[in-house]
Amino acid sequence: MELEEQSATLIDTGGVFGEHVLAEALTGQTELAVNEADLVLLLLDGREGVTAADEDGVMYLRKANVKFLPVINKIDGLPEDQVALDFERFGFPEYVLISASHSRGLKQLREVLEQRLADLNLPQEPDDLSYGSGIRVAVVGRPNVGKSTLVNRLIGEDRQVVFDMPGTTKDAIDIPFTKDDVDYVLIDTAGVRRKGKVSEITEKFSVVKALDAMQRAHVVVLVIDASEGLVEQDLHVLEYALDAGAGMVIAVNKWDGMTVDDKAHVKHELQARLEFAKFARIHFISALHGSGVGDLYQSVEEAHDCAFTKWSTNKLTTLLEDAILDHQPPLVHGRRIKLRYAHLGGSNPPLFIVHGNQTNALPTTYKRYLENKFIKVLKIRGTPVRFEFRTSDNPFDGKKNQLSQRQITKKQRLVKHVNKAKKKAKKK
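Below, the structure is looked at part by part.

Calculation criteria
- Residues numbered from 1 in each chain as written.
- Predicted model: local features only at pLDDT ≥ 70, side-chain atom pairs only at ≥ 80, totals over all residues.
- Heavy atoms only, no water.
- 1 Å grid on protein atoms, 1.4 Å probe; cavity = no way out; pocket = protein on both sides within 12 Å on 5 of 7 lines; lining within 4 Å.
- Points joined across faces, edges and corners; volume = space filled by probe spheres on them.
- Helix = DSSP H or I, 4+ residues; strand = E, 2+ residues; numbered from the N terminus.
- Nonpolar A, V, L, I, M, F, W, Y, C, P; charged D, E, K, R; others polar.
- Buried < 20%, exposed > 50% of the residue type's maximum accessible area, 1.4 Å probe, protein only.
- Salt bridge = Lys/Arg side-chain N within 4 Å of Asp/Glu carboxyl O.
- Pairing = 2+ DSSP bridges.
- Contact = heavy atoms within 4.5 Å.
- Axes fitted to C-alpha atoms, helices over the stretch in contact; angles between N-to-C directions.

### A word on empty space enclosed by the protein
Moving on, step 1. The full count for this structure, using the stated rule, is 1 cavity of 30 Å³ or more.
Moving on, step 2. Looking at the largest cavity, its volume works out to about 70 Å³.
Moving on, step 3. Listed by contribution, the elements that provide at least two residues to the lining of the largest cavity are β6 (182-188) and α9 (295-308).
Moving on, step 4. Among the elements that make up the lining of the largest cavity, the one with the highest residue count is α9 (3 residues).
Moving on, step 5. Grouping the constituent residues of the lining of the largest cavity by class yields 9 nonpolar, no polar and no charged.

See the structure below:
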């Protein structure tokens with residue numbers, strides 16, 4: 001958040017819930033955020049008045065000696081004196097009254113916030129991990145396969161709420177961090193289900209945000225539950241990721257709880273059903289215990305590097321010529337399909353554009369042959385590749401050939417000769 005004289009990082013917490021099923025997990029996350037913060041904005045409900053949770057929150061902040069600024073929200077339509085009177089029992093030396101839904105009091109809040117931060121005299125540190133820097137990695141999968149647990153394991157701290165209930169994560173959350181001098185932006189997404197299975201509005205929003213995360217990610221880590229095997233829903237999530245064109249790494253989670261026979265069955269199933277995504281490396285991991293998780297970094301970097309590698313036109317054309325020497329394109333109407341040169345048309349995923357004649361008649365099998373040849377020679381791994389075949393325009397197409405006078409005279413003599421020969425043949 002940019003203020004007049006300085007900038008600040010806002011951390012939105014899950015709040016503190018009394019009897020909510022997620023109360024313990026969310027309260028724990030809120031306490032972590034409070035401990036890391038230089039200043040806490042304590043949001044209170046002016047319409048509801050003081051609650052037991054408010055009293056517990058104020059007591060906790062004061063016992064922990066945390067600097068905080070009370071902000072009383074939802075004051076629209078209420079007398080400010082009456083709202084302030086209800087909260088006088090806390091003896092706040094300073095507070096701000098706002099209505100967030102109507103943008104009332106927000107200017108005053110920014111001014112007070114800036115003054116409080118200035119009084120703290122905090123050093124301004126450059127944010128080296130601003131949005132967009134580093135490798136953007138989206139962790140996707142069905143609900144309750146362990147995505148948030150994997151995110152916490154990858155970054156080495158409990159940043160995401162983990163609970164044994166599908167749908168705990170509602171939004172796509174960006175988490176910048178550095179590992180072995182490499183910058184990442186990890187995107188934890190909500191579980192993706194088929195559109196026909198999505199009912200609640202919040203869940204629809206979550207799925208849209210998850211799909212958007214795949215679109216802006218460099219690499220997608222697809223998490224699969226090993227105990228359930230590869231199900232149709234996993235294939236639909238994989239389809240969404242492939243449509244986005246990002247690099248791909250597959251993490252088969254909960255591997256430590258599998259028997260030897262079950263592991264063999266899952267491996268056979270993955271090999272048989274993921275033939276169309278064989279470019280993706282598969283890792284068998286336990287996000288809960290950490291086994292195999294560290295190997296994901298290398299595959300993510302490999303997929304990212306391959307997705308953004310630049311190959312020269314000369315190298316790609318030479319590769320195309322070598323492929324044609326090994327296996328010629330087929331004949332179409334007695335004429336050989338000619339492929340002349342290739343060049344790089346885009347990245348993430350790599351797009352190879354091949355120019356030639358009659359390319360629209362090139363069979364799918366030969367296109368697949370070229371794709372496999374390019375992947376093998378260029379050592380592309382972890383990212384899909386795309387090919388585009390273009391037929392060169394014929395500059396004389398649709399134009400009538402203009403004959404010279406000499407050619408016209410020669411043609412007329414030839415026609416006379418042919419007609420004379422036909423007449424002689426009839427007389428015989």
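### Observations concerning the environment of glutamate 88
Moving on, step 1. Relative to the helices and strands, glutamate 88 resides in the loop between α3 (80-86) and β3 (96-97).
Moving on, step 2. The class of glutamate 88 is exposed, set by a relative accessible area of 55%.
Moving on, step 3. When the C-alpha positions of glutamate 88 and valine 50 are compared, they lie 10.0 Å apart, and in sequence the two are 38 residues distant.

### Comments concerning the pattern of salt bridges
Moving on, step 1. For the structure shown, the criterion picks out 18 salt bridges.
Moving on, step 2. Between aspartate 326 and lysine 373 there is a salt bridge; the shortest N-O distance is 2.9 Å. Highlighted residues: aspartate 326 in helix α10 (residues 313-326) and lysine 373 in helix α11 (residues 364-378), separated in sequence by 47 residues.
Moving on, step 3. By relative accessible area, lysine 373 is classed as partly exposed at 21%.
Moving on, step 4. Between glutamate 388 and arginine 390 there is a salt bridge, with its nearest N and O atoms 2.6 Å apart.
Moving on, step 5. Given the relative accessible area of 31%, glutamate 388 is considered partly exposed.
Moving on, step 6. Looking at arginine 390, the relative accessible area reads 36%, which means it is partly exposed.

### Notes on the sheet that holds β3
Moving on, step 1. Taken in spatial order, the 3 strands make up an open sheet running β1-β2-β3, and their pairing is parallel. Each edge of the open sheet is held by one strand with a lone partner, namely β1 (40-45) and β3.
Moving on, step 2. In the sheet, β1 pairs with strand β2 (residues 68-73) via 6 bridges, with the strands oriented parallel. Counterpart to leucine 42 in the pairing with β2 is proline 70.
Moving on, step 3. On top of the sheet, helix α4 (residues 106-120) reaches β1, β2 and β3; it is set at about 175 degrees to β2, its chief contact.

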